[in-house]
Amino acid sequence: MTEDRRPVEVDVGTVHPVFIEPFRVRFFVEDETVVDCEITYNAAHRGIEQLLEGIPVKKAHMIVEKVCGLCSHFHLWNSIRVTEKAMDLEVPQRAEYIRVLVAELERIHSHLFFLAHGCETLGQETYTYRAFALREPVMRVLYELTGNRVHYAVPALGGVRPRTDPTKDTLAKISPMLKTLERDLKAFVERVTTDPLVMSRITGAGILDKKTADEFYAVGPTARASGINNDARQQMHEYDELNFKYIVLKGCDTKDRILVRGLELFESMNIVRQILDELPAGEVHIPVKMRFDTQMASTYIEAPRGELFHSMKVDSQGRVRNYRIRTPTPPNLACMEKAVVGGELTDAMLTIISCDPCLSCSSRAVVVEDGKERLMDFMKVRRC
Amino acid sequence: MLAETLAVLFIGAGMSVLILGLERKIHARIQRRCGPSVSMPGLWSMLKFMYKEPARIDSPNPGFYGLLLVAATASILSVLAFSTPPWYGILGFSSLLGLVGLLKVEEVAYVFMGSLSRSVMSAGMPYPDLIRGSKGAGIRYFFEDVAATRALKMITLGSFPFYVAMAVPFAAAKSLEIAAVTRAPPTLYTVYGLLSAFVYFIGYNIIANNRPFDIIKPKVDIIEGPMMEYAQAWRALSYLMRGLVLFTLSSVFVTLYLGIPLDVTDANATALHLILAMALPVLASVLRAFSPVLTFRQIYPISLASTLLGILCLALGAGGA
């Protein structure tokens, strides 16, 4: 009788309560130690890039905003930025500031959502509820500022939508909210970092060393927790006038991936305060002269999860061509696969969540037939 | 005796339902929520499950899988019954060895449950992985297989603190009989008794699969573990069993450490016993609300340290310190 030497495989997904996204992770384990891992996504392709092909630019912006619920502003902002770059359009300074203001508020609520999700993955329900409670005032401010809690629709070609130009009353509500949030957040971070049970779970778990993170081009807080100062805001002219620190830690573990986001919250609050102090007067939107038949343009932006890439061109009839979106998750996926190796199965899920994947936003259509890959064409996507 | 036994079982079931509700209420208040009413998670949830449509159990042997839950519940009820005065001396189960044996039935049941459950939650994809670069197929483990392995580890290493702490009052009374323990001075009023009560509390949470020691069924990875396929009336019974474990082990603690057994013929003693028996479930609820799921990386050292402390208490108790 021959012994079966295949490794033991534990499959998670395509549905799992701790990570409600269409994904599948194959953990190869020895006892409970993960020796290999494979993450598969694309289970719910929405065909957004194909939907954008050949439609008018402004309609494309409306669709791009729906790519993600947690970073909708970043997608719309980057879509507007890439169009403005392609058409060589100018934006009033006040509008630039408002775009950054909403972006940093969205980063705060996204990071707080991450902290809540991380605590839930730890099994720490009480901290989960407290993180969500911290997030709620930020959501209320975003609602007052933009009229929506999720899809804010703030940027527009040539500035921001006039309805999102904040009044003095609206701006006056942000400072007290930040003061309370900072106090409560400090207490929360101190409570979590001094909790021996929580720290024993996250310290030294899910090691993603700098070399591996560099090799697989980790982005966002995942890279910054491994000692790589990778932040697209360094290249964004909108942040030139703002003073803040780029949080870079060298622990390379789950603890640091959580801490990076926790510390970035304070920096985002710092940015919001500067904007409130220095928000220039003037127009928030100027009429634009649309230019067609542009060259391919591409822009990078620092979304809460990392570098977000948009690329497109406008044809001679003002329609979008070759739109490409690369969310921060795909480069981080390979890092997640490496980081879980050597850890326990229970820690592995936490390690993946600590890289804050957003798989629905990242999905692409790939059809595999007879071992050959091909992309779906537009009509087939529409029929799906 | 039949009436007394039925009264004990009725009280046990009632307290189990109450504890389940109280546990959720305590969590909610700690988390600054209103939470459900106390009767909702225990009583009304069970009734709701009783009226659900029958669900097919995904298991190679559904009958035996269901029977395991009945056996585990029966063993816990037996522990409760044998720790009460009417059952002292019957079949020799009202002793340290009897209690350990009955509790082992419940612990071993999780191993078999895990081996016999095949939930769709980890069934994987119905087609092979054809994507280029995909890793070759391994030997498939269901979540429940992982849970079975974990249950086995908990039996072999995790549950030591509980049994060591349970033995301390017997060692102090220099007898293996519960009756003798209840006649001896209360163990809790000694230094080693207090320390071993702490060890008992750690072990209590381990045996009851209470967070942070719920590694055999954490929602964060293997979801419900061995209990995943219990639906409809089975789910109601699994709820009842969890409540029974929480109450019964707490009741045993009051009997052994304070010498106050659940004597239904004495109303005052019964009331006092029930009030005291709420202490451990309440403390466990607070611990649960503030704890993450611990992995074996943390459980082994905690179990080892608790066991060593328990052995020290055992030696002190046996020496009459």
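In what follows, the structure referred to is the one given above.
Residues numbered from 1 in each chain as written. Chains lettered and ligands numbered in written order. Predicted model: local features only at pLDDT ≥ 70, side-chain atom pairs only at ≥ 80, totals over all residues.

(A) Focus on the overall build of chain A. In terms of regular secondary structure, chain A is built from 14 helices and ten strands. Here the C-alpha radius of gyration of chain A, 22 Å, is about what a compact globule of 384 residues would show, namely 21 Å. Along the longest, intermediate and shortest principal axes, the C-alpha atoms of chain A span 80 × 55 × 35 Å. The buried share of chain A, reckoned over its 384 residues, is 47%. (Helix = DSSP H or I, 4+ residues; strand = E, 2+ residues; numbered from the N terminus. Rg over C-alpha atoms; globule rule 2.2 N^0.38 Å. Buried ≥ 20, exposed ≤ 12 C-beta atoms within 10 Å, placed from the backbone.)

(B) Seen up close, the pairing of strand β3 (residues 33–40) of chain A. All names here are of chain A. The pairing of strand β2 (residues 23–30) with β3 spans seven bridges and is classified as antiparallel. The partner of E30 across the bridge, within β3, is T33. As consecutive antiparallel partners, β2 and β3 are separated by two residues, and within that stretch D31 has a phi angle of approximately 55 degrees, a positive value. (Pairing = 2+ DSSP bridges.)

(C) Representation of the interface of chain B and chain A within the structure. On the side of chain A, 34 residues touch chain B, which itself brings 36 residues to the contact. Of the residues in the side of chain B that touches chain A, the class split is 18 nonpolar, nine polar and nine charged. Looking at chain direction, strand β1 (residues 8–14) of chain A and strand β1 (residues 139–141) of chain B are connected through three bridges and run parallel. Bridge pairing in β1 of chain B links E9 of chain A to R140 of chain B. (Contact = placed C-beta atoms within 7 Å. Nonpolar A, V, L, I, M, F, W, Y, C, P; charged D, E, K, R; others polar.)

(D) Main features of the nonpolar core. Membership of the largest hydrophobic core comes to 194 residues, with the highest contact counts inside it found for F27 of chain A together with Y200 and Y204 of chain B. Take this core: its biggest share by element is 16 residues, from helix α9 (residues 232–258) of chain B. Sequence-distant contacts of Y200 of chain B, that is, excluding residues within four places in its chain, are made with F162, A165, M166 and F253 of chain B. (Core = buried A, V, L, I, M, F, W, Y, C linked by C-beta atoms within 7 Å.)

(E) Examining helix α11 (residues 329–339) of chain A more closely. Residue and element names in this part refer to chain A. Here α11 has its buried residues at T329, P331, N332, C335, M336, K338 and A339. Taken end-on, α11 shows its buried residues confined to a sector of 170 degrees, consistent with a single buried face. For α11, the secondary structure elements touched by its buried residues are β3, α8 (210–215), α9 (220–224), β7 (306–314), α12 (345–354) and α13 (359–362). (Arc of directions from axis to C-beta.)

(F) Spotlight on the sheet that holds β1 of chain B. Ordered by their spatial adjacency, four strands build an open sheet running β3(A)-β2(A)-β1(A)-β1(B), and the pairing between neighbours is mixed. The outermost strands of the open sheet, each flanked by one partner alone, are β3 of chain A together with β1 of chain B. The sheet shows a mean angle of 30 degrees between the axes of neighbouring strands, direction not considered. Its contacts with the sheet put α12 of chain A on β1, β2 and β3 of chain A, and the angle it makes with β2 of chain A is roughly 145 degrees. (Axes fitted to C-alpha atoms, helices over the stretch in contact; angles between N-to-C directions.)

(G) Fine view of the packing of helix α5 (residues 143–158) of chain B against helix α12 (residues 296–318) of chain B. All names here are of chain B. Axis separation between α5 and α12 bottoms out at 11 Å; the angle between their running directions is 25 degrees. Relative to α12, α5 is oriented roughly parallel. Relative to α12, the crossing made by α5 is right-handed. Residues K153, L157 and G158 of α5 pack against F296, I299, Y300 and S303 of α12. Among the residues making up the contact of α5 with α12, the classes are represented as four nonpolar, two polar and one charged. (Parallel < 35°, antiparallel > 145°, perpendicular 65-115°, else oblique. Left-handed = near helix turned anticlockwise from the far one by under 90°.)

Purely spatial values, then, with no claim about function.
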